[in-house]
Amino acid sequence: MTSFWNTKSLEPRRNFRFKLIDGEKDIWWWAKTVDKPSFDISSNEYQLINHKFNYPGIVTWKPITITVADVGNRTQPLLNELFLMGYRAPNAGTPHAGLAKFYYSPDAATASVGVGISDITIQQLDESGKAAETWSLHGAFITSVSFSKLDYSSDDITEITIEVAYDFAKLT
């Protein structure tokens, strides 16, 4: 049996070949890392007389983490995302407003779906740059944003870490 390391026609997938595309079909070229979707399946145990049996239960999709380089002004669009989800500061006149999975259109009185980061696509590319694997995250929304620590002793690029929850993912 020959391993794939010895087969010249096979090219393993590489972690650095990916594209991150948001719901508006913009490619996040500033993305440094992104998790692929993953899930857990709960297990339910049932007893029948003196035997126990395990059955699969509910699928829970785990949040993904995206790390981006802070090029240009990446902070303001993330804050805008928070406001599009319905957040209002306590002194904004509507302290009772809450967050929602749909986004409020700033130009209309009605809610609109699809504005912002509601759908994310992660493409893992092959050696020719074509999508070998495409993950589509549905019902996505930001659950956490963390900014780099500022430090005079470091010349690293400033990063923003974004955690995203979603309802489910599809692989094509």
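First, a word on what this report is: a plain description of the structure on this page. (Residues numbered from 1 in each chain as written. Predicted model: local features only at pLDDT ≥ 70, side-chain atom pairs only at ≥ 80, totals over all residues. Heavy atoms only, no water.)

**Let's talk about the overall build of the protein chain**
Where we set the bar: The way it works is that DSSP assigns letters per residue, a run of H or I at least four long becomes a helix, a run of E at least two long becomes a strand, and they are numbered from the N terminus. Only protein chains enter the accessibility calculation, which uses a 1.4 Å probe; a residue whose area is less than 20% of its type maximum is buried, one above 50% is exposed, and one in between is partly exposed. It only takes one pair of heavy atoms within 4.5 Å for two residues to be counted as in contact. To measure how exposed things are, a 1.4 Å probe is used in the Shrake-Rupley method; for residues, cover is taken only from the protein chains shown.
Tallying secondary structure elements over the protein chain gives one helix and twelve strands in all. Secondary structure elements in the protein chain, listed N-terminal to C-terminal, are β-β-β-β-β-α-β-β-β-β-β-β-β. Each of the 172 residues in the protein chain was classed as buried or not, and the buried ones make up 25%. Long-range pairs, those at least 24 residues apart, make up 55% of the contacts in the protein chain between residues at least 6 apart in sequence. Only carbon and sulfur atoms are counted for the fraction: they give 55% of the accessible area of the protein chain, which is about 12,000 Å².

**Observations concerning the nonpolar core**
As a reminder of what qualifies: For the purposes of this section, nonpolar cores are sets of buried Ala, Val, Leu, Ile, Met, Phe, Trp, Tyr and Cys residues that join through side-chain atoms within 4.5 Å.
Ranked by internal contacts, the top residues of the largest apolar core, which has 20 residues, are Ile66 and Ile162. Those elements that place two or more of their residues in this core are strand S2 (31-34), strand S5 (64-69), strand S8 (120-125), strand S9 (131-138) and strand S11 (159-165). Apart from residues no more than four positions distant in its own chain, Ile66 is found in contact with Leu20, Trp28, Thr33, Val34, Ile120, Ile160, Thr161, Ile162 and Val164.

**Quick word on the pairing of S8**
Heads up, the rule is: The pairing criterion is simple: DSSP has to find at least two bridges between the two strands.
Across the six residues of S8, six count as buried, placing the element largely inside the fold. In this structure, strand S1 (residues 18-21) lies alongside S8, joined through four bridges in antiparallel fashion. Considered in S8, the bridge of Ile21 is made with Thr121. Connecting S8 to the next strand, S9, in antiparallel fashion are five residues, including Gly129 with a positive phi near 90°.

**Notes on the sheet that holds S2**
What counts, and what does not: To get an axis, a line is fitted to the C-alpha atoms, and for a helix only the part in contact is used. The angle between two axes follows their N-to-C directions and goes from 0 to 180 degrees.
One open sheet holds the four strands; their spatial order is S2-S5-S11-S10, and the pairing between them is antiparallel. Edge positions in the sheet fall to S2 and strand S10 (141-147), since each of these pairs with one other strand and no more. Between one strand and the next, the sheet's axes are offset by a mean angle of 20°, whatever the strand orientation. The sheet contact formed by S10 and S11 spans six bridges and is antiparallel. When the bridges of S11 are listed, Phe147 appears paired with Ile160. Contacts from helix H1 (residues 75-84) reach S10 and S11, with the element oriented near 145° to S10.

**Some thoughts on the sheet that holds S9**
If you trace the four strands from one edge of the open sheet to the other, you get S1-S8-S9-S12, paired in antiparallel fashion. Strands at the two margins of the open sheet, each flanked by one partner only, are S1 and strand S12 (168-171). Neighbour to neighbour, the strand axes of the sheet diverge by 15° on average, direction disregarded. Relative to S12, S9 is paired through four bridges, and the arrangement is antiparallel. Bridging across to S12, Ser136 finds its partner in Lys170.

**Digging into the pairing of S9**
In this sheet, S9 lies alongside S8 in antiparallel orientation, the contact comprising six bridges. Bridge pairing in S9 links Gln124 to Glu133.

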